[in-house]
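Observations on chain architecture
Each chain, letter by letter, is given below.
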Amino acid sequence: MKKFILLVSVLFVALTASAQHNYGADYQKFKQQRVREYLDYRAQANKQFVEFLKKQWKDYTVNQAKEAPLPVVRPRPDVAPKTRPIPLPEVTPDFGRLRDLSKLSLTPRHDFKPTPRPHRESGIRPAPRPKAEVTPRPAPKPRPESDLAQRPSPRPRPEVAPRPAPRPGVAPRPVTPSKRPDAPAPQPARPEIPARPDRPALPAPRPDIPEPPTRPTPDRTVVPEHPAPEIIPMPERPSTTQHLEVSFFGDRIEMPWREDLTPRMSTVSEQSFSKLWSQWSTMDETQIDFLNDFVQDHRLNGWGCYQLIKRLSEAAYTDEHCSSERIALQAFLLAQLKYRAQVGLCKDQLVLLLPFRQKVYGIPYLDLNGTKHYIFGYNYEKRAGFQTYDNNVPYATELLDLSLDKHMNTGMTQSMKFARMSKLLGEELQAELNVGEVALMLSLPMLDGEVYYAQEVDAALAKRVLSVLHRKIAGKSETDAVSYLLNFVQNGFDYATDQEMFGRQKQLFIEESFYYGKNNCKDRVGVFSWLVRELLGLDMISITYEGNAQSNGVGHITCAVCFTKPVQGDTFTYKGRKYVMCDPTYINAKIGMTMPCFKNSQGEVHAL
């Protein structure tokens, strides 16, 4: 009987293993078939697209760049107090710190080598690379956008004895105003930090941001001294293997490349672009797989992908007169990553037309079938007309995403000490900062404020800052805890306008505020709301004021907190709940105090 049972068991295991083997083999065949079908589909789509590009392109009218409506200079209060209750040492602003990220003392990372993967025909992708162990912070509770009242109020904290009142005769100190400039927004300045002698310096990476011009100009493109001459076709050479070497935010990249993938155009026209696309369509899967691996390993968003491909195109075409070939290659490689990117013809130069998920300010655009395509280029004539096609390659359907939901993994990191905040806290505050991502943030165009307020903060910085402040407010009442955080933001950062820091409108992500050590009203709303939300779980709103006669026409943005118990002061009602004014820019102002010049103004309220 036992032998019979054993025989049945062996037969059952053998049949099961055979079935699993057959199922696995069938599944692999299915995947390989789907991959072959996609490659055939892409080849056929490229062939049809090349024929489409040869046709005469249509004329389009450029739409001028729109500036962000958010005011970016400091407001002017009516009363200038003579004293301040919390003494802080004077800090001399180091504006040279904002010009060159390439001079940082950085922790270098090894050269990027993509994870080995089978050929595309197999359809098998390697397992994702294990991530470094980082203690994640608890995920925030979901907050419905439609109605803030749906979110339950957090459990009240036990009240403790109130803190001693400040010395009599001390009034809150508002910031000193500066007149809003009327000049158009110039190019952004590149940040610069002096090298630290006690750390080895990383070789300077490829510039991430254009060098500042000698005088402000509203255009972001680089115009050479002389127009590009007519380009002579490159003679045909035998195909050889080489690499494109670029520096990408602390990583040195070597992308496999072939010399026959760097053709030149004799004239800039629809037919020339279609020939380039046709020649690049012969590109094998080595280059495309490399790009996909790099994007996945570095967790690049859409803007990071554009920056990567821009550098690769400039490495492929090092001649400054090959700007049109660079643009064409950028459009092709973005399409291989399935991003929508078109090429436009402006007189005798090609430009890149990029649609984004978010609204973008400060960049001119073309309206193509109801979608804004923002213009990027090198040396095109801004006042000339534009021509482009009204269709795109069918497998490129995604819009470039400018949000930073997934923080980029780069080799540019630096341990930074925050001296001003440390003296305010009474202990040293130091944290590891992803400087590579800060450089990427600086290159972003201006977006709506909601994008900056909604982003998650880098885990290393968030863990350090929140842990220190959590200890400082432990045991305090809700109002005392908010007061402590409010004072921390009011006095922990130096004040500087966008024009003083960058020469253009620029809102800061929270990491940037800590990196630069200076910010203004809209940036402080982001930092303060982040601290209150993470440490106390309280809802907040932002209040935007338009300029008036008392503020010399300069607007202001501030915020208010929804406390769990009644609190004295200026309040706002939003969706049935009361919020109390907490202004992180009105230095040393207490909870409930509004800047005098906006005391009687009607502000525009938004949820944070």
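What counts and what doesn't
Residues numbered from 1 in each chain as written. Predicted model: local features only at pLDDT ≥ 70, side-chain atom pairs only at ≥ 80, totals over all residues. Heavy atoms only, no water. Helix = DSSP H or I, 4+ residues; strand = E, 2+ residues; numbered from the N terminus. Buried < 20%, exposed > 50% of the residue type's maximum accessible area, 1.4 Å probe, protein only. Areas by Shrake-Rupley, 256 points an atom, 1.4 Å probe, with all protein chains shown as cover. Polar contact = N/O pair within 3.5 Å; in protein donor to acceptor, adjacent residues only side chain to side chain. 1 Å grid on protein atoms, 1.4 Å probe; cavity = no way out; pocket = protein on both sides within 12 Å on 5 of 7 lines; lining within 4 Å. Points joined across faces, edges and corners; volume = space filled by probe spheres on them. Nonpolar A, V, L, I, M, F, W, Y, C, P; charged D, E, K, R; others polar. Pairing = 2+ DSSP bridges. Axes fitted to C-alpha atoms, helices over the stretch in contact; angles between N-to-C directions. Contact = heavy atoms within 4.5 Å. Phe/Tyr/Trp six-rings, centres within 6.5 Å; stacked < 30°, edge-to-face > 60°. Lys NZ or Arg CZ within 6 Å of the ring centre and 35° of its normal. Core = buried A, V, L, I, M, F, W, Y, C linked by side-chain atoms within 4.5 Å. Expected span 1.5 Å × (residues − 1).

Let us now look at the overall build of the protein chain. For the protein chain, the count of helices and strands is 13 helices and 19 strands. Within the protein chain, the proportion of its 608 residues that are buried is 50%. Of the roughly 29,800 Å² of accessible surface on the protein chain, 54% is carried by carbon and sulfur atoms.

Before going further, it helps to spend a moment on the environment of Leu538. You can see Leu538 is positioned in the loop between helix H13 (521–536) and strand S15 (540–545). Sequence-wise, Leu538 and Val482 are 56 residues apart; in three dimensions their C-alpha atoms are separated by 9.7 Å.

What follows is about the side chain of Thr262. As for its position among the elements, Thr262 is in the loop between strand S3 (251–258) and helix H2 (270–280). Overall, the relative accessible area of 9% leaves Thr262 in the buried class. Engagement of the side chain of Thr262 in a polar contact is seen with the side chain of Trp257, the distance being 3.0 Å.

Before going further, it helps to examine empty space enclosed by the protein. For the structure shown, the criterion picks out three cavities of 30 Å³ or more. Volume-wise, the largest cavity comes out at about 50 Å³. In this structure, the largest cavity is lined by Tyr452, Tyr453, Gln507, Leu508, Phe509, Ile510, Lys522, Asp523, Gly526, Ser529, Trp530 and Arg533. Among the elements of the structure, helix H8 (449–454) and H13 are those that each provide at least two residues to the lining of the largest cavity. By residue number, the principal contributor to the lining of the largest cavity is H13, which donates six residues. The residue makeup of the lining of the largest cavity, split by class, is six nonpolar, three polar and three charged.

One open sheet holds the six strands; their spatial order is S1-S9-S4-S5-S8-S7, and the pairing between them is antiparallel. Each edge of the open sheet is held by one strand with a lone partner, namely strand S1 (58–60) and strand S7 (365–368). The mean angle between the axes of side-by-side strands here comes to 40 degrees, regardless of whether they run parallel or antiparallel. The sheet contact formed by strand S5 (residues 349–354) and strand S8 (residues 371–376) spans three bridges and is antiparallel. Bridged to Leu352 within S8 is Phe376. Seen against the sheet, helix H5 (residues 323–336) touches strand S4 (342–346), S5 and S8 and runs at an angle of roughly 30 degrees to S5.

Turning our eyes to something else, we now look at the packing of aromatic side chains. Any two aromatic rings considered together are summarised by their centre-to-centre distance and by the angle between their planes. Tallied over the full model, the rule gives 24 aromatic pairs. Within the aromatic cluster, the residues linked to one another by ring pairs are Trp57, Phe273, Trp277, Trp280, Phe332 and Tyr389. Between Arg326 and the ring centre of Tyr378, over which it is positioned, the NZ or CZ distance is 5.3 Å. In this structure, Lys506 is placed above the aromatic ring of Phe502, and the distance from its NZ or CZ to the ring centre is 6.0 Å.

Grouped together as the largest cluster of nonpolar side chains are 133 residues, with contacts concentrated most on Trp277, Phe514, Phe528 and Leu531. No other element matches H13, which puts nine residues into this core. Residues in contact with Phe514, not counting those within four places in the same chain, are Phe418, Met421, Leu461, Val465, Phe493, Val527 and Trp530. Of all hydrophobic cores here, the second largest spans 14 residues; its members include Cys562, Tyr574, Tyr579 and Met595.

Between its first and last C-alpha atoms helix H4 (residues 302–316) spans 21 Å; for 15 residues at 1.5 Å apiece the expected length is 21 Å, and the two agree. Most of H4 is tucked away, with 14 of its 15 residues classed as buried.

Right, let's talk about the sheet that holds S15 for a bit. In spatial order, the strands read S17-S18-S16-S15-S19; together these five strands make up an open sheet with antiparallel pairing. Pairing within the sheet leaves two strands with one partner each, and these edge strands are strand S17 (571–574) and strand S19 (604–607). For this sheet, the mean angle separating the axes of adjacent strands, direction not counted, is 35 degrees. The pairing of S17 with strand S18 (residues 577–582) spans four bridges and is classified as antiparallel. Bridged to Phe572 within S18 is Tyr579. Across the sheet, H13 lies against S15, strand S16 (556–561) and S18, angled at about 15 degrees from S16, the strand it touches most.

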